[in-house]
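Close look at the chain arrangement
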Amino acid sequence: MTAEAATGTTTGDRWTRHPDHVRRRAGRAIWDAAEAEPDPLRAIDAARRLAADLVDRLARTALDGEHLATCLAHGRGGEPGLAADLALSRRGRRCLTDREGAGTTFGGLLVLGALTGAPVGLILRSCRGPCHTLPGHESTLRGWVVRERRAQPMSRGAVRTIAHGGRRPHPALPQHPEEGTHYEKAYSLYQAGEDA
């Protein structure tokens, strides 16, 4: 996914974040994609394992503090894109989050990307001051593109383009003040030489 594609310019500025709507559309698309496989249930299981692994890697590699991960998946055939959030709270070796994150709406979009092979965007907002929902916050944004069953780090410029959209924030990302927000190149979620 290029920065331009992730900004929504290829599908317009129409994105939906409503959890029930995202869950229904993602579930329908997952079954549609799985039916094309010789063994649909095995394909879904493999995609769920990949999604669970990505959620776990994101949780394990996050720095101490409060985080908000947003998953972005393009819609099909002119449908609005889909977006879902997953809150992470890391304290030392403990990461307080939904350990079944792959079963959430956020995880459903990762499963969808794994099944269809379509690129899925991951944006991680890490708060350095008060939580991103409070005035006066400071946060850092990093991003990855999930394609070919692997999360690939995005450059600082690509993350800025997606999040800020040039003149305004990406319509699928939670509203946030730009002041106090820094954009950084993402780090690898994998150890050197590790196969995804």
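Please read these numbers as outputs of a predicted model, since none were measured by experiment. (Residues numbered from 1 in each chain as written. Predicted model: local features only at pLDDT ≥ 70, side-chain atom pairs only at ≥ 80, totals over all residues. Heavy atoms only, no water.)

**Focus on the packing of helix α2 (residues 19–35) against helix α3 (residues 40–61)**
The line we're drawing: Angles shown run from 0 to 180 degrees and are taken between the N-to-C directions of axes, each axis being a line fitted to C-alpha atoms and, for helices, limited to the stretch in contact. Counting from the N terminus, the helices are DSSP H or I runs at least four residues long and the strands are E runs at least two residues long. For classification, angles of less than 35 degrees are called roughly parallel, those exceeding 145 degrees roughly antiparallel, those between 65 and 115 degrees roughly perpendicular, and all remaining angles oblique. By definition, turning the near helix anticlockwise from the far helix through less than a right angle yields a left-handed crossing, and turning it clockwise yields a right-handed one. When checking whether two residues touch, look at their non-hydrogen atoms; a contact exists if any pair is within 4.5 Å. Gly is put with the polar residues, along with every residue not named as nonpolar or charged; the nonpolar set is Ala, Val, Leu, Ile, Met, Phe, Trp, Tyr, Cys and Pro, and the charged set is Asp, Glu, Lys and Arg.
Two numbers describe how α2 lies on α3: the axes approach to 8 Å, and their chain directions differ by 125 degrees. Taken together, α2 and α3 sit at an angle that is classed as oblique. Note on packing geometry: the crossing formed by α2 with α3 is right-handed. Where α2 approaches α3, its residues Ile30, Trp31, Ala34 and Glu35 are matched on the opposing element by Pro40, Leu41 and Ile44. For the contact of α2 with α3, the residue count by class is six nonpolar, no polar and one charged.

**Notes on the pairing of strand β6 (residues 139–147)**
Let me state the cut-off plainly: Each residue's exposure class comes from its accessible area (1.4 Å probe, protein chains only) as a fraction of the maximum for that residue type: buried when under 20%, exposed when over 50%, partly exposed otherwise. Note on pairing: DSSP must find at least two bridges between two strands before they are called paired.
Across the nine residues that make up β6, a large majority, eight, are buried. Taken together, the eight bridges between strand β5 (residues 120–127) and β6 define a ladder with antiparallel strand orientation. Bridging from a neighbouring strand, Leu122 pairs with Trp144 of β6. Strand direction decides the pairing type here: β6 and strand β8 (residues 181–183), joined by three bridges, are parallel. Looking at β8, one finds that Leu141 is bridged to Tyr183. Examined bridge by bridge, β6 and strand β7 (residues 150–153) share four bridges and lie antiparallel to one another. Bridging across to β7, Val145 finds its partner in Gln152. The antiparallel pairing of β6 with β7 creates a hairpin that spans two residues between the two strands, and Glu148 there sits at a positive phi of about 55 degrees.

**Here's the deal with the side chain of Arg125**
Heads up, the rule is: Pairing of N or O atoms within 3.5 Å defines a polar contact, subject to two protein rules: one partner must be a possible hydrogen donor and the other a possible acceptor, and residues neighboring in sequence count only if both atoms are side-chain atoms.
Here Arg125 shows up in strand β5. Polar contacts involving the side chain of Arg125 include one to the side chain of Ser139, which spans 2.9 Å.

**Quick look at the packing of aromatic side chains**
Cut-off, in case you're wondering: Each Phe, Tyr or Trp ring (for Trp, its six-membered ring) is paired with any other whose centre lies within 6.5 Å, and the angle between the two planes then decides the class: stacked below 30 degrees, edge-to-face above 60, tilted in between. Working rule: Lys NZ or Arg CZ, within 6 Å of ring centre, within 35 degrees of ring normal, means a charge sits over the ring.
Per the stated rule, a full pass over the model turns up one aromatic pair. Ring centres 5.3 Å apart and planes at 75 degrees place the aromatic pair Trp144 and Tyr187 in the edge-to-face group. Residue Trp144 is located in strand β6, and its partner Tyr187 is located in the segment after β8; the two are separated by 43 residues in the primary sequence. Classification of Trp144 by relative accessible area gives buried; the value is 0%. A relative accessible area of 23% means that Tyr187 is categorised as partly exposed. The side chain of Arg150 reaches across the aromatic face of Tyr190, ending 3.8 Å from its centre.

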